[in-house]
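# Fold and contact review
The lines below spell out each chain.
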Amino acid sequence: MLIPGVESLNKVAVIGRGTAGSIAAANVSSLLKGKDFELHHIYDSRIPIIGVGEGSWPSLVQHLDDLTNYPEGDVQRYLNGTRKYGVAFEGWGQRNQDFIHYFLPKRESYGYHLAADLMGELLQESTHSKHIDSRVLRITRVENGAEVELEDHGTQRYDLVFDARGFPKEVKSEQHINISFIPTNTAMIRRCPAVISTAQTGPALQHTYTRAIARPHGWVFVIPLTVHTSYGYIFNRDISSPADVESDFDKLLESEGVTDFEKRTVIQFPNFIHRNIYDGAIARIGNAAAFMEPLEATAIVSAQLQIGMVLQFRCNRPHEYLERDVKAVNRFLVNNMLCYGLFVGWHYSCGSVFESDFWRYARDRAWPRYLTAAAPDVVDCDALRKFDEMIEIVSRSDNDPANLNRKCGLPFGSYMQMYQGLGC
Ligand SMILES: Cc1cc2nc3c(=O)[nH]c(=O)nc-3n(C[C@H](O)[C@H](O)[C@H](O)COP(=O)(O)OP(=O)(O)OC[C@H]3O[C@@H](n4cnc5c(N)ncnc54)[C@H](O)[C@@H]3O)c2cc1C
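Residues numbered from 1 in each chain as written. Predicted model: local features only at pLDDT ≥ 70, side-chain atom pairs only at ≥ 80, totals over all residues. Heavy atoms only, no water.

## Concerning the overall build of the protein
For the protein, the helix and strand inventory stands at 12 helices and 21 strands. Computed over the C-alpha atoms, the radius of gyration of the protein is 21 Å, within 12% of the 22 Å expected from 2.2 N^0.38 for a compact globule of 424 residues. By principal-axis analysis of the C-alpha atoms, the protein measures approximately 60 × 50 × 45 Å. For the protein, the proportion of its 424 residues judged to be buried stands at 56%. Contacts in the protein between residues at least 24 apart in sequence constitute 74% of all its contacts with a sequence separation of at least 6. For the protein, the exposed surface amounts to about 18,400 Å²; the carbon and sulfur share of it is 48%. Each charge sign in the protein was given a centre, from 43 positive and 51 negative side chains, and these centres are 2 Å apart. (Helix = DSSP H or I, 4+ residues; strand = E, 2+ residues; numbered from the N terminus. Rg over C-alpha atoms; globule rule 2.2 N^0.38 Å. Buried < 20%, exposed > 50% of the residue type's maximum accessible area, 1.4 Å probe, protein only. Contact = heavy atoms within 4.5 Å. Areas by Shrake-Rupley, 256 points an atom, 1.4 Å probe, with all protein chains shown as cover. Lys, Arg positive; Asp, Glu negative; His and termini not counted. Charge placed at Lys NZ, Arg CZ, Asp CG, Glu CD.)

## Some words on the site of the ligand
Taken together, 29 residues form the shell around the ligand, and within it R17, I47, G55, N287 and I300 come nearest. The separation between an oxygen atom of the ligand and a polar main-chain atom of I47 is 2.7 Å. At 2.8 Å from a nitrogen atom of the ligand is found a main-chain nitrogen or oxygen belonging to V136. In the complex, the protein chains occlude 95% of the 990 Å² of accessible area that the ligand would expose alone. Among the elements of the structure, α1 (19-31) and α6 (298-316) are those that each provide at least two residues to the shell around the ligand. (Near = heavy atom within 4 Å. Polar contact = N/O pair within 3.5 Å; in protein donor to acceptor, adjacent residues only side chain to side chain.)

## Regarding the pattern of salt bridges
Considering all chains together, one arrives at 26 salt bridges under this definition. Residues D325 and R317 are paired through a salt bridge, measuring 2.8 Å at the closest nitrogen-oxygen approach. Here R363 ties to E355 by a salt bridge, and the two come within 3.0 Å at their closest N and O atoms. Overall, the relative accessible area of 23% leaves R363 in the partly exposed class. Residues joined by salt bridges that share partners form a network here, namely E355, D357, R360, R363 and D364. (Salt bridge = Lys/Arg side-chain N within 4 Å of Asp/Glu carboxyl O.)

## A look at the side chain of T184
Along the chain, T184 turns up in the loop between β11 (176-178) and β12 (186-192). Residue T184 is classed as buried on the basis of its relative accessible area of 1%. In this structure the side chain of T184 is engaged in a polar contact, spanning 2.6 Å, whose partner is the side chain of E293. What T184 contacts, discounting residues up to four positions off in sequence, is I234, F235, N236, F269, N271, E293, Y348 and F358.

## Describing the pairing of strand β10 (residues 160-163)
Regular strands show a simple pattern: their side chains alternate between the two faces of the sheet. Going residue by residue along β10, you find L160 and F162 tucked away on one face and V161 and D163 tucked away on the opposite face as well. Both strand β1 (residues 11-15) and β10 contribute to a ladder of 4 bridges, which runs parallel. Residue pairing across strands places A13 opposite V161, the latter belonging to β10. When β10 meets strand β18 (residues 282-284), the two strands line up parallel, connected through 3 bridges. Counted as the bridge partner of F162 is A283 from β18. (Pairing = 2+ DSSP bridges.)

## Quick look at the sheet that holds β1
Here 5 strands make up an open sheet; going across it, the order is β6-β2-β1-β10-β18 and the pairing parallel. Sheet topology places β6 (130-133) and β18 at the edges, where each strand pairs with a single neighbour. Strand-to-strand, the axes of this sheet are offset by a mean angle of 20 degrees, without reference to chain direction. For strand β2 (residues 38-43) and β6, the ladder comprises 4 bridges, and the chain directions are parallel. Bridge assignment links H40 to a residue of β6, and that residue is K130. Together, β1, β2 and β10 form the strand contacts of α1, whose direction differs from that of β2 by roughly 170 degrees. Contacts from α6 reach β10 and β18 within the one sheet, and its direction differs from that of β10 by about 175 degrees. (Axes fitted to C-alpha atoms, helices over the stretch in contact; angles between N-to-C directions.)

## Thoughts on the nonpolar core
In this structure, W92, F162 and L338 are the most contacted members of the largest nonpolar core, which totals 112 residues. In terms of residue count, helix α7 (residues 322-346) provides more of this core than any other element does, 13 residues in total. The residues contacting F162, other than those within four sequence positions of it, are V12, A13, V14, I15, A24, V28, A283, I285, I307, V310 and L311. (Core = buried A, V, L, I, M, F, W, Y, C linked by side-chain atoms within 4.5 Å.)

## Comments concerning the layout of surface pockets
Reported here for the second largest pocket is a volume of approximately 460 Å³. I49, I50, G51, A116 and D117 are, among the 24 residues lining the second largest pocket, the residues nearest its centre. Contributions of two or more residues to the lining of the second largest pocket are made by α1, α4 (116-125), β12 and β16 (262-268). Among the elements that line the lining of the second largest pocket, the one with the most residues is α4, at 5 residues. Split by residue class, the lining of the second largest pocket holds 8 nonpolar, 10 polar and 6 charged. (1 Å grid on protein atoms, 1.4 Å probe; cavity = no way out; pocket = protein on both sides within 12 Å on 5 of 7 lines; lining within 4 Å. Points joined across faces, edges and corners; volume = space filled by probe spheres on them. Nonpolar A, V, L, I, M, F, W, Y, C, P; charged D, E, K, R; others polar.)

## Observations regarding the state of the cysteines
One pass over the full model with this rule turns up 1 disulfide. Covalent S-S linkage joins C350 and C424, the inter-sulfur distance amounting to 2.4 Å. With the S-S bond torsion at 135 degrees, the cross-link from C350 to C424 turns out right-handed. Within this pair, whereas C350 is found in the loop between α7 and α8 (357-366), its partner C424 is found in the segment after α12 (412-422), the two being separated by 74 residues in sequence. You can call C424 partly exposed: its relative accessible area is 33%. (Disulfide = S-S within 2.5 Å.)

Right, here's the structure in full:
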């Protein structure tokens, strides 16, 4: 008789307490409720979480509803959240017109702008786990599981380990796909006063959008929360100096009438996808699995997908199928992350209102690399074919209704909105 996969999960570890680790721990806790199992949530309190990550997709609203014990409006208030209906692009593409990439259905579907640290706290409330504050030194695959070596708690064996330790120290081509067609690698963050007026009771109901403002050195996100507005200048430190970015940031804020702001942090980030997101015992999730700059806020939704796929397959399929499922799950996840990456990189392909060093580099040098960076023999999946087909389809004037159901990471409707907005 086949053994249900869930029977093989008696001891699970989640390493990391950033957004990805917090979602994973809450998910495991909820899925295995009523089962006799151990969940260890391991993190090193000396290593801070990234903490930015304030834009989400609509799937998070339902997901938080399922994972927490609060009604939706209370969740939004807890997160200092606003309702995000899409991304408003300013100065992008060659049509010289601002446009919105809406979640679909337009003006109905929304995600949250949220305070990432508060989401972690909220999820902790509904997670039943043993907390271990220690540095993980090594994770090793062993038969039917993995061993985690801790700095001062010895070595523990687990049936499944979620590795949510954040960015890899180094991007190596044997382990990672380097998505070098994305032209940015640094974010400068500032916190400004709130622009959304909050209701006395209940959640803020205004329709809000993440603004993505093209600037000479890259672009700036503007994310309105109920307690502050977050601004982030995304640029390439190999092309623009922090001093030049700083000065253009000042200029932008001045033009917006924002005089009062706090300089928060400068974050360097890699754009990459791990080739082996899931191996049957170790699941890399969040920034440990993949990252691409935050233009379409793809990180939280990617973590949701990684966690959901691994748990679905691991719990609902017979344990005997594990080895053969691993390959399919990994390929699906890599393919999906790469589709997101191609979608984000494509936003730069038509330039912007600025004819600067950065935009020439982004459009003429970085983006054309997608053909080699995503070539099937390099990435072992067919994201490039799906992407090329999607671009061909959106450029047709007469579209077969069957195409409306197509997806390449994002749905046809998202590609269509960007195609029309950018004027490619
Ligand atoms: C500028 C910028 C803007 C972003 N905007 C968005 C956005 O709008 N929307 C979105 O979805 N995402 C956004 N992101 C992505 C966002 O950062 C991630 O969703 C989020 O940070 C997930 O991070 P994480 O949980 O994987 O890792 P982290 O937040 O880095 O957490 C890592 C955790 O691992 C622990 N840890 C690390 N090493 C060890 C060790 N050896 N032993 C034990 N514990 C360890 C740390 O203590 C920490 O708890 C943005 C990212 C950047 C850089």
